[in-house]
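As a plain string of letters, each chain reads:
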Amino acid sequence: MSVQVKLAYEPLNEQTVLDVIKPLNFFETASSNELVVQEIGDGNLNLVFRIQDPHTKQALIVKQALPYAKVVGESWPLTLDRARIESDALVQEAESVPHLVPKVYYSDPQLAVTVMEDLSDHVILRKGLIEGNTYPQLAEDIGTFAANTAFYSSDFYLHPFEKKDRVKKFSNPELCKITEDLVFTDPFFNHDTNDFPSELQKEVEKIWTDQPLLREVAQLRFSFLTRAEILLHGDLHTGSVFVKSDSTKVIDPEFAFYGPAGFDLAHFFANLILNHLSQNVHAREPFHRESVQSYLLQTIEKTWETYRKTFKELWHEKSSDPFAKTEGVLENFLQYTFQEAIGFAGCEVIRRTIGLAHVADLDSIKQKDIELFYKKKALELGSCLIKNQRKFTSITQLTEWIRGA
Ligand code: SR1
Ligand code: MG
C-alpha cells in the first residue's frame, strides 16, 4: 500500500492508532468506530496494537517503538530508528523467504510504526513449547530462514559495494549495545543489571572468576562487535518466532544488524536448550517428557542440517566469491560458524539465567529448590558450551552431550 500518513511522533493509543491505519483502507466493511482495537504488546520494548473488523474478522497489527525500553521504563532511552531497521529487515528477509516472515503493509519511520500481517492464528513458540507442544515444520523453516537470509546478505553473494551499503543501512548501534552489555558483558561481571536469587551467588561468582571462560567470552564479544558477515535477525529467541503446526513466522527483527554468521542460530539453539532443561519440570509425565525433549534435540539437529544443506546449495548455485570452488572454503565457513554458534549459545544460556532478561521456561518453575537446581544446571551447561565450543565437530555430538548433561 503506498499511502503517506504524516503525523508527528507520539506514543499511540487505542484511538490514535486508527488515524494511522485509516488512509490504508485496509478494512473492507467496517468503519473506524466499529473496529476493535487492543494493545497486546507483552515484549520488552514496544507497543503492539491488534485491530480487527468484527464482521469479517479481518485484522492487522500496528507495532510502534517507544523512545525507551518498556522493560525498564523511561530512564532507559532507546532510539526510534529500530522501527525503521525492523521494517527494512522484514522487507529484506521477504525477498528470499516471504513465507517465513509477516507481510509489511506500511511503515513510517517518523512515527516509528510498522503495519503488518496479523498472526493471531499462530502462537509464540516459547509459550507453545512450555505447554509441551511440538511443531513438525519448525526446524526446516528456521534452517531455511537462517541459511537464506545469511547467504543473500553476505559477501558470498552480493557485490562488495552493495554489501557495504547494506552494512550502513543496518547499522544499529543502540540495539547492538543492549546485546553487547546484556549478553556479552554484564552477566560475566558483578553488574547491577544482573538478576539472580542469592542462593546462586556461589555459582555466579565461579563464572565471574573463571579466567579461561572469560577469555572465550571476550573473544565471542569481540566477534559480535567486529565481524560484519551477514544480516542477522539479532534476537532470534523462541519469543521471536510465531508457530502453528504447518507454519512458522520469524518476527521482531528490531535488533537486526550485520554480525557473525553463527549468532542467530546460537540464540535459537540456546532457547531450545533452556526449554529442554525446563521440561524436566513442565512435562511431568515421563513418556511425554522424553518425547518433548527428543523433539527439541531433533529440532536443533534438523535446523542445523537444513541450514548446512541450504547454504551449500545456494553457495554452489549462486556464489560470486572467487574462492567458491576452492576445496575446503565452504567447509571452513560452516565449521567456524557452527563452533562459534555453540559459544554464543553458551552466553545466551547464562544471560537468560542470571542477567537482566530471563526466560519464562525457567522462571515459571514454581518450586524454588527445583528452579534453583535447573538454574545451576543452566549455568554449568552454558559455561561448558563456551569453554568447549571448538571441541564440537558435529551437531549430533552437541545434542548427545545435551541429552547427557
Ligand atoms: C532491554 S531489552 C532485553 C532483551 O529483550 C530483547 O528481546 C533482547 O533479547 C534484549 O536483550
Ligand atoms: Mg523482541
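As the structure is a computational prediction, the values presented were derived from the model and not from experiment.

Peer 1: Please provide a residue-by-residue account of the overall build of the protein, values included.
Peer 2: Assigned secondary structure in the protein consists of 14 helices and 12 strands. Out of the 405 residues in the protein, the part that is buried amounts to 56%. Once local pairs closer than 6 in sequence are excluded, the contacts in the protein between residues at least 24 apart make up 71%. Averaging the locations of the 43 positively and 58 negatively charged side chains of the protein gives two centres separated by 3 Å.

Peer 1: Give me the pairing of strand E10 (residues 241-244): which residues, what numbers.
Peer 2: Here strand E8 (residues 123-124) pairs with E10 via two bridges, running antiparallel. Residue pairing across strands places Val 123 opposite Val 243, the latter belonging to E10. Where E10 hands over to strand E11 (residues 247-250), the hairpin turn is made up of two residues, counted between the paired strands.

Peer 1: I'd like to hear about the environment of Phe 184, residue by residue, with values.
Peer 2: Within the secondary structure layout, Phe 184 lies in the loop between helix H6 (173-182) and helix H7 (201-209). Spatially, the C-alpha atoms of Phe 184 and Ile 350 are 9.7 Å apart, while their sequence positions differ by 166 residues. Not counting chain neighbours up to four residues away, the residues in contact with Phe 184 comprise Thr 179, Val 217, Leu 220, Arg 221, Phe 224, Phe 263, Phe 344 and Cys 347.

Peer 1: Break down the site of ligand 1 for me, citing the residues and quoting the values.
Peer 2: Contacts to ligand 1 come from Asn 44, Leu 45, Val 71, Trp 76, Ile 178, Leu 182, Asp 235, His 237, Phe 255, Arg 351, Arg 352 and Ala 357. Contact distances for ligand 1 include 2.6 Å between an oxygen atom and a side-chain N or O atom of Asp 235. Relative to its unbound accessible surface of 320 Å², ligand 1 loses 94% to contact with the protein. Mapped onto the shell around ligand 1, the elements with two or more residues apiece are H6 and helix H11 (329-354). Classifying every residue of the shell around ligand 1 by side-chain character gives seven nonpolar, two polar and three charged.

Peer 1: Residues and numbers for the packing of aromatic side chains, please.
Peer 2: All chains considered together, the criterion is met by 24 aromatic pairs. Taking the centre distance of 4.8 Å and the plane angle of 55° together, the rings of Phe 224 and Phe 257 count as tilted. Taken together, the residues Phe 224 in helix H8 (residues 211-226) and Phe 257 in strand E12 (residues 257-259) connect sequence positions 33 residues apart. You'll find Phe 224 and Phe 257 in the same group, each marked buried. Cluster of aromatic residues (ring-pair linked, three or more members): Phe 151, Tyr 152, Phe 156, Tyr 157, Trp 304, Tyr 307, Phe 311, Trp 315, Phe 333, Tyr 336 and Phe 338.

Peer 1: Would you mind going over the sheet that holds strand E6 (residues 104-108) in detail, with residue names and values included?
Peer 2: With antiparallel pairing, the five strands of this open sheet are ordered in space as E1-E2-E3-E7-E6. The sheet is open, and its two edges are formed by strand E1 (36-39) and E6, each paired on a single side. On average, each strand axis in the sheet is tilted by 15° relative to the strand beside it, whichever way the strands run. By the bridge criterion, four bridges tie E6 to strand E7 (residues 113-117) in an arrangement that is antiparallel. Pairing of Ser 107 across the sheet is with Thr 114, part of E7. Across the face of the sheet, helix H2 (residues 81-96) comes into contact with strand E2 (46-52), strand E3 (59-65), E6 and E7 while running at roughly 30° to E7.

Peer 1: Quick one: what's the story with the packing of H7 against helix H13 (residues 368-387), residue by residue and with numbers?
Peer 2: Following both chains from N to C, one finds H7 and H13 inclined at 15°, their axes separated by 10 Å at the closest point. Taken together, the axis directions place H7 and H13 in an arrangement best described as roughly parallel. Note that H7 runs across H13; the crossing there is left-handed. Between H7 and H13, the contacting residues are Glu 203, Val 204 and Ile 207 on the first element and Lys 376, Leu 379 and Ser 383 on the second. Grouping the constituent residues of the contact of H7 with H13 by class yields three nonpolar, one polar and two charged.

Peer 1: Quick one: what's the story with H8, residue by residue and with numbers?
Peer 2: Look at H8: 22 Å from first C-alpha to last across 16 residues, which is about the 22 Å you get at 1.5 Å a residue. Along H8, the residues classified as buried are Leu 213, Leu 214, Glu 216, Val 217, Leu 220, Ser 223 and Phe 224. Tucked inside the fold, the buried residues of H8 contact H6, H7, E12, helix H9 (263-282), H11 and H13.

Peer 1: Outline the sheet that holds E11, supporting the account with residue identities and numerical values.
Peer 2: The antiparallel open sheet is built from three strands, whose spatial order is E8-E10-E11. Sheet topology places E8 and E11 at the edges, where each strand pairs with a single neighbour. Pairing analysis gives four bridges linking E10 to E11, with the strands arranged antiparallel. For Lys 244, the partnering residue across the bridge sits in E11 and is Ser 247. Against the sheet, helix H4 (residues 138-153) engages E10 and E11, with an angle of about 35° to E11.

Peer 1: Any details on unusual backbone geometry? Residues and values, ideally.
Peer 2: Phi at Asn 25 is positive, roughly 50°, even though this residue is not glycine. By the secondary structure assignment, Asn 25 is in the loop between helix H1 (16-21) and E1. Given a relative accessible area of 64%, Asn 25 falls into the exposed group. A positive phi angle, near 65°, is found at Asp 252, a position not held by glycine. You can see Asp 252 is positioned in the loop between E11 and E12.

Peer 1: Residue-level account of the side chain of Glu 348, with values.
Peer 2: One can find Glu 348 in helix H11. With residues near it in sequence (within four places) discarded, Glu 348 still touches Val 183, His 237, His 267, Ala 270 and Asn 271.

Scoring rules and cut-offs
- Residues numbered from 1 in each chain as written.
- Chains lettered and ligands numbered in written order.
- Predicted model: local features only at pLDDT ≥ 70, side-chain atom pairs only at ≥ 80, totals over all residues.
- Heavy atoms only, no water.
- Helix = DSSP H or I, 4+ residues; strand = E, 2+ residues; numbered from the N terminus.
- Buried < 20%, exposed > 50% of the residue type's maximum accessible area, 1.4 Å probe, protein only.
- Contact = heavy atoms within 4.5 Å.
- Lys, Arg positive; Asp, Glu negative; His and termini not counted.
- Charge placed at Lys NZ, Arg CZ, Asp CG, Glu CD.
- Pairing = 2+ DSSP bridges.
- Near = heavy atom within 4 Å.
- Polar contact = N/O pair within 3.5 Å; in protein donor to acceptor, adjacent residues only side chain to side chain.
- Areas by Shrake-Rupley, 256 points an atom, 1.4 Å probe, with all protein chains shown as cover.
- Nonpolar A, V, L, I, M, F, W, Y, C, P; charged D, E, K, R; others polar.
- Phe/Tyr/Trp six-rings, centres within 6.5 Å; stacked < 30°, edge-to-face > 60°.
- Axes fitted to C-alpha atoms, helices over the stretch in contact; angles between N-to-C directions.
- Parallel < 35°, antiparallel > 145°, perpendicular 65-115°, else oblique.
- Left-handed = near helix turned anticlockwise from the far one by under 90°.
- Expected span 1.5 Å × (residues − 1).

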